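Summary of structural features
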Amino acid sequence: VSDGTRVLGLGDIGPEAALPVMEGKALLFKYLGGVDAVPICLGTKDPDEFIRTVKLLQPSFGGINLEDIAQPKCFRILDTLRAEMEIPVWHDDQQGTATVTLAGLLGALQVTGRKLADTRITLIGAGAASIACARLILAAGADPELMMLCDSRGILNRDRTELAATHPEKWELAQKTNCEGRQGGIPEAMTGADVVIALSKQGPGTILPEWVRAMRPDPIVFACANPVPEIWPWEAKEAGAAVTATARSDFANQVNNSLGFPSIFRGALDVRAKTITDEMCVAAAAELSAYAAEKGLRSDYILPTMDEWDVYPRVAAAVG
């Protein structure tokens, strides 16, 4: 279900123009997860009307996948529907991105000999995807005091009190993370980090090579803006990155939501789950990472690829 207000790479194009994206998503559900899916685009931008409509549709469906909804309303829509409906409701741009990003991170940490609890992680961008990634990475065992988020106005910290009224999700993380109270922009946020996960504006040049060089030795760089990453993978490697990942299929280590949502929904539907919890997402990420480890983790293979079909039933079983 979408209102077409935040379509990948296109923005607010409306429900009619968003329909082909939803049709493609429905095909991926069927092809990769064996899940029958129906594309629905709603002709409203009102979050209350959106919530009401989805609740009215509940008797006909086993689960709801929310898609391409602008923030900050996407947070309220998801949280309200998860709390008030009797079937799983999931926002792929939040939870799907977070699950597959976590899976890739777990693989990259193994490749570079790190442990999640001791890793300094910086997230560039503080939209729906970044906030969901931060939440799930913390749920998986990262230390919030070693994490930073940086939005278009700088690093989130306890002095950014204006966020309490305008962006409560950011404010929640501003109070938990960045224990040293660091201020500044992207270069300051990346200094001394082990990992940078960028889900921000397209590059190249959003992240500069000298900022990668200011990270800890053998850093991990996820540049996931689509279609142009914040920094080209070869630039990050020349600057010292041990592992790079993007959202693109023509580079190694594609962080692709399609690795997650078909089998996560399949697992939830198979056991008649009423919701999709963070624990289910962490289990999915762990199984994706375990599959890659069995195949042989290396710097250019931290995640399964979409054509490794046998990973999907394994993830569905782990989620179930």
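Just above sits the structure.
Reference entry: report on the structure contained in this document. Since we're looking at a predicted model, the values are computed, not measured.

Overview of the packing of helix α11 (residues 261-270) against helix α13 (residues 311-319)
Where α11 meets α13, the axes come as close as 7 Å, and the angle between the chain directions of the two elements is 45°. When the axes of α11 and α13 are compared, the pair comes out oblique. Considering how the two elements wind past one another, α11 and α13 form a crossing that is right-handed. For the pair α11 and α13, the contacting residues are Pro-262, Ser-263, Ile-264, Arg-266, Gly-267 and Ala-268 in the first and Tyr-312, Val-315, Ala-316 and Val-319 in the second. When grouped by side-chain class, the residues that make up the contact of α11 with α13 number seven nonpolar, two polar and one charged.

Re the packing of aromatic side chains
For the coordinates displayed, the defined rule picks out six aromatic pairs. Consider the rings of Trp-234 and Phe-251, whose centres lie 6.0 Å apart with planes at 70°: the pair is edge-to-face. Taken together, the residues Trp-234 in helix α10 (residues 233-238) and Phe-251 in the loop between β8 (243-246) and α11 connect sequence positions 17 residues apart.

What about the side chain of Lys-25?
Of note, Lys-25 is situated in helix α1 (residues 14-33). Ignoring anything within four residues of it in the chain, the contact list for Lys-25 reads Asn-65, Glu-67, Asp-92 and Phe-261.

Looking at the environment of Ile-87
Along the chain, the position of Ile-87 falls in the loop between α3 (73-84) and β2 (89-91). Judged by relative accessible area, which is 12%, Ile-87 ranks as buried. As for Ile-87 and Leu-288, which are separated by 201 residues in sequence, their C-alpha atoms are 25 Å apart. Among all residues touching Ile-87, those that are not within four sequence positions of it are Gln-58, Phe-61, Gly-62, Gly-63, Ile-64 and Lys-274.

A look at the pairing of strand β4 (residues 147-151)
In terms of burial, β4 is a largely internal element, five of the five residues being buried. The alternating pattern of β4 places Met-147, Leu-149 and Asp-151 on one face and Met-148 and Cys-150 on the opposite face, and all of these are buried. For the crossover from strand β3 (residues 121-124) across helix α5 (residues 128-139) to β4, the handedness is right-handed. Both β4 and strand β5 (residues 154-155) contribute to a ladder of two bridges, which runs antiparallel. From the neighbouring strand, Cys-150 faces β5, where its bridge partner is Ile-155. Two successive antiparallel strands, β4 and β5, enclose a turn made up of two residues.

Definitions and limits used
Residues numbered from 1 in each chain as written. Predicted model: local features only at pLDDT ≥ 70, side-chain atom pairs only at ≥ 80, totals over all residues. Heavy atoms only, no water. Axes fitted to C-alpha atoms, helices over the stretch in contact; angles between N-to-C directions. Helix = DSSP H or I, 4+ residues; strand = E, 2+ residues; numbered from the N terminus. Parallel < 35°, antiparallel > 145°, perpendicular 65-115°, else oblique. Left-handed = near helix turned anticlockwise from the far one by under 90°. Contact = heavy atoms within 4.5 Å. Nonpolar A, V, L, I, M, F, W, Y, C, P; charged D, E, K, R; others polar. Phe/Tyr/Trp six-rings, centres within 6.5 Å; stacked < 30°, edge-to-face > 60°. Buried < 20%, exposed > 50% of the residue type's maximum accessible area, 1.4 Å probe, protein only. Right-handed = clockwise from strand over helix to strand, strands pointing away. Pairing = 2+ DSSP bridges.

Coordinates in, geometry out; function isn't part of it.
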